[in-house]
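Close look at the chain arrangement
Next come the chains, spelled out residue by residue.
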Amino acid sequence: MLTYREATAPDLRAICALGEEVNAVHHAAFPRIFAGPGEADRDAGHWSGSIARDDATTFVAQDASGALVGFVTVSIVSESHSLLQPMRFGRVGSVGVTESRRGQGIGRELMQRAQNWVLQRGGAEVRLNVWAFNAHALHLYEELGYEVRSLFLVKALDRQALPHDSTNGFK
């Protein structure tokens, strides 16, 4: 039996551990981008920014023993730009479910809670970024009705290929 609720400050250590699991998956795919394993509280500053704020929160899934087995971070963004229609929306930052509990609907329920939270705050949609290698997450988001709206492209540059210029170092 799982309980779903908003995270509180005492949950931070467990969220850090779950975040480390998420990061390990990303590090395995892109070790030159994502940090390797670190101290248990290395990312506490990052995760604490999404706990019990007016504009951001974290939902957790807790098992019967009290252990956290999943989390989702979500925030509210109000965007207004001359090229875009003004919009208030939710942004999911991270979703993580401990490896032994994946495939049991926990991520789906956490996402539903995040979506409801955004709706209650006047958000018109939920946006998130997912890495192309993460086929499992892509499949879940498709099942939940998310659509690809843009593609984020990257090209690594080789600084060795730049001609040296004595004025500013590189042309």
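Keep in mind the model is a prediction, meaning the values are calculated, not measured. (Residues numbered from 1 in each chain as written. Predicted model: local features only at pLDDT ≥ 70, side-chain atom pairs only at ≥ 80, totals over all residues. Heavy atoms only, no water.)

1. A word on the nonpolar core
Generally speaking, nonpolar side chains in soluble globular proteins are found buried as a group. Under the convention used in this document: Take the buried Ala, Val, Leu, Ile, Met, Phe, Trp, Tyr and Cys residues and link them wherever side-chain atoms come within 4.5 Å; each set so joined is a nonpolar core. Throughout this description, buried means an accessible area under 20% of the type-specific maximum (1.4 Å probe, protein chains only), exposed means over 50%, and partly exposed covers the range between. Helical segments are the DSSP runs of H or I of at least four residues, strand segments are the runs of E of at least two, and each set is numbered from the N terminus. Residues count as neighbours in contact if any of their non-hydrogen atoms are within 4.5 Å of one another.
Val72, Val74, Ile106 and Leu110 are the most contacted members of the largest nonpolar core, which has 21 residues in total. Of all the secondary structure elements, the ones that give two or more residues to this core are strand E2 (56-62), strand E3 (68-81), strand E4 (84-97), helix H3 (106-120) and helix H4 (135-143). By residue number, the principal contributor to this core is H3, which donates six residues. Once residues within four sequence positions are removed from consideration, Val74 is found in contact with Asp55, Ala56, Thr57, Phe59, Arg91, Val92, Ala114, Trp117 and Val118. Leu12, Ile15, Cys16 and Trp47 belong to the second-largest nonpolar core, a separate cluster that totals twelve residues.

2. With respect to unusual backbone geometry
One non-glycine residue, Ala52, lies in positive phi territory at about 50 degrees. Relative to the helices and strands, Ala52 resides in the loop between helix H2 (44-48) and E2.

3. Topic: the environment of Gln115
Along the polypeptide, Gln115 turns up in helix H3. We classify Gln115 as buried; its relative accessible area is 17%. Placed 25 residues apart in sequence, Gln115 and Gly90 show a C-alpha to C-alpha distance of 7.7 Å.

4. Things to note about the packing of aromatic side chains
The line we're drawing: For Phe, Tyr and Trp, where Trp contributes only its six-membered ring, two rings pair if their centres lie within 6.5 Å, and the inter-plane angle classes them as stacked under 30 degrees, edge-to-face over 60, or tilted in between.
Scanning all chains against the criterion turns up five aromatic pairs. When the ring of Phe34 is compared with that of Trp131, the centres are 5.1 Å apart and the planes differ by 75 degrees; the resulting orientation is edge-to-face. Taken as a pair, Phe34 in the loop between helix H1 (12-29) and H2 and Trp131 in the loop between strand E5 (126-128) and H4 lie far apart in primary sequence, 97 residues in all. On the basis of relative accessibility, which here comes to 17%, the residue Phe34 falls in the buried class. A ring pair is formed by Tyr141 and Tyr146, whose centres lie 5.9 Å apart and whose planes are at 65 degrees; its orientation type is edge-to-face.

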